[in-house]
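# Residue-level structural notes
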Amino acid sequence: MSQLHIRDIAPLDPPRRKKMPGRPTQVTQRASIPTWGQIKTLCHQAQGIASLQGSSTSPEKVFTAMLALLSCQDYSTEHSEARD
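Given the structure is predicted, the values throughout are model-derived calculations rather than measurements.

### So, the overall build of the protein chain
The helix and strand tally for the protein chain stands at four helices and zero strands. Walking the protein chain from its N terminus toward its C terminus, one meets helices and strands in the order α-α-α-α. Accessible surface for the protein chain amounts to roughly 8500 Å². Of this, 58% is attributable to carbon and sulfur atoms.

What follows is the structure, encoded as structure tokens:
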């Protein structure tokens, strides 16, 4: 029967602390308030995405599409346009 050998190993480093989940980042804190035109554009894009689903467009589906659009924004493109 084989034997189990336990070797001394260095203790693992403790896991690094993550940032607090509710604390906004510096980029978020410096972000400008969206304009009415940006909100209107977002709504139209979300309605277009929701209508592509084939079923009736409900406010819940439009809101979900808005969240998807916001989460998929390209940060570098957005800020390069803002600098111009």
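### Describing the nonpolar core
Counting residues in hydrophobic clusters, the biggest one holds six residues: Leu42, Ala46, Ala50, Val62, Ala65 and Met66. Of all the elements in the fold, those that place two or more residues in this core are helix H2 (36-51) and helix H3 (59-71). If near-sequence neighbours (up to four positions away) are discounted, Val62 is found in contact with Ala46, Gln47, Ala50 and Thr57.

### What about H3?
Between its first and last C-alpha atoms H3 spans 18 Å; for 13 residues at 1.5 Å apiece the expected length is 18 Å, and the two agree. In this structure, the buried side of H3 is in contact with H2.

### With respect to the confidence of the model for the protein chain
When pLDDT drops low, the exact placement of atoms in the prediction is not to be read closely. The share of residues in the protein chain with pLDDT of 70 or more is 68%, and the mean pLDDT across the chain is 79. Of all secondary-structure elements in the protein chain, the lowest mean pLDDT belongs to helix H4 (residues 75-83), at 51, while H2 reaches the highest, 94.

### Considering the packing of H2 against H3
Where H2 contacts H3, the two axes come as close as 8 Å, and the packing angle between them is 115°. By the angle class used here, H2 and H3 are roughly perpendicular. Crossing hand, H2 versus H3: right-handed. Together, Leu42, Cys43, Gln45, Ala46, Gln47, Ile49 and Ala50 of H2 and Lys61, Val62, Ala65, Met66, Leu69 and Leu70 of H3 make up the contact between the two elements. In terms of residue class, the contact of H2 with H3 is made up of ten nonpolar, two polar and one charged.

Conventions adopted
- Residues numbered from 1 in each chain as written.
- Predicted model: local features only at pLDDT ≥ 70, side-chain atom pairs only at ≥ 80, totals over all residues.
- Heavy atoms only, no water.
- Helix = DSSP H or I, 4+ residues; strand = E, 2+ residues; numbered from the N terminus.
- Areas by Shrake-Rupley, 256 points an atom, 1.4 Å probe, with all protein chains shown as cover.
- Core = buried A, V, L, I, M, F, W, Y, C linked by side-chain atoms within 4.5 Å.
- Buried < 20%, exposed > 50% of the residue type's maximum accessible area, 1.4 Å probe, protein only.
- Contact = heavy atoms within 4.5 Å.
- Expected span 1.5 Å × (residues − 1).
- pLDDT = per-residue confidence, 0-100.
- Axes fitted to C-alpha atoms, helices over the stretch in contact; angles between N-to-C directions.
- Parallel < 35°, antiparallel > 145°, perpendicular 65-115°, else oblique.
- Left-handed = near helix turned anticlockwise from the far one by under 90°.
- Nonpolar A, V, L, I, M, F, W, Y, C, P; charged D, E, K, R; others polar.

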